[in-house]
Amino acid sequence: MKRSTKCSGIILVAIVCAFVTGSSIKAQEVIVNSTRANSGEPARLIVNRSANFGLNESVNLLIDGKTVALLAFNESYDAPLTVGKHVLSIATDPNTYSRETPKPITIAAQPGKTYTFTAVWPDPEQAALVAN
C-alpha cells in the first residue's frame, strides 16, 4: 500500500510540474508576440517565399540595396527592422526573368509594427514582392 501511495505522489508531482511549465511557456509567448507599439521597439519585417515560386530559384532579399537573406524553397525571413524609411527589393537566383528587375517597395517603418510581404511570380517572366 505504501508503494502505491509513493507512486501516486510522484505522478501527482509530475502532473503539477507539467502544468506549471506549460502555463509559464504560454505566458511567455504572449509577451514575445505582443504587437503593442512602443517608441523604443524596432519594427519587424517578415518576407515569405510563395509555395509555387519554383524549386530551382531562390529569392535574394535586399534592404536598402544590401542582401540580407537568400530564401530557398520553404524558407522565410523574419527579423527586426530599424525604424525609418527603407527600400525593399528582391532578385531571383538564377536571374530567370528577361524583363526589368522586380519593382522595389519603399516603406516607412514605424516602431512596433510588423510588415509582411510575399515573393511571388505574378507574371511568368517577372518575380515581385507583394504586401500581405
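Reading guide: rules and limits
Residues numbered from 1 in each chain as written. Predicted model: local features only at pLDDT ≥ 70, side-chain atom pairs only at ≥ 80, totals over all residues. Heavy atoms only, no water. Phe/Tyr/Trp six-rings, centres within 6.5 Å; stacked < 30°, edge-to-face > 60°. Helix = DSSP H or I, 4+ residues; strand = E, 2+ residues; numbered from the N terminus. Buried < 20%, exposed > 50% of the residue type's maximum accessible area, 1.4 Å probe, protein only. Salt bridge = Lys/Arg side-chain N within 4 Å of Asp/Glu carboxyl O. Pairing = 2+ DSSP bridges. Axes fitted to C-alpha atoms, helices over the stretch in contact; angles between N-to-C directions.

This paragraph deals with the packing of aromatic side chains. Summed over the entire model, instances satisfying the criterion amount to one aromatic pair. When the ring of Phe53 is compared with that of Trp121, the centres are 5.2 Å apart and the planes differ by 40 degrees; the resulting orientation is tilted. Placement of the pair is Phe53 in the loop between β1 (43-49) and β2 (58-63) and Trp121 in strand β7 (residues 114-123), with a sequence separation of 68 residues. Using a relative accessible area of 22% as the deciding quantity, one classes Trp121 as partly exposed.

Our next topic: the pattern of salt bridges. Evaluation of the coordinates by the stated rule reveals one salt bridge. The salt bridge partner of Asp78 is Arg44, with a shortest N-O separation of 2.7 Å. Separated by 34 residues along the polypeptide, Asp78 in strand β4 (residues 76-81) and Arg44 in strand β1 bring together distant segments of the chain. Residue classification places Asp78 among the partly exposed positions, given a relative accessible area of 45%.

With that out of the way, let us pick up the sheet that holds β4. Taken in spatial order, the four strands line up as β4-β1-β7-β8 in an open sheet, and their pairing is mixed. Where the open sheet ends on each side, the last strands, each with one partner, are β4 and β8 (126-131). The mean angle between the axes of side-by-side strands here comes to 20 degrees, regardless of whether they run parallel or antiparallel. The pairing of β1 with β7 spans six bridges and is classified as parallel. Pairing of Ile46 across the sheet is with Thr116, part of β7.

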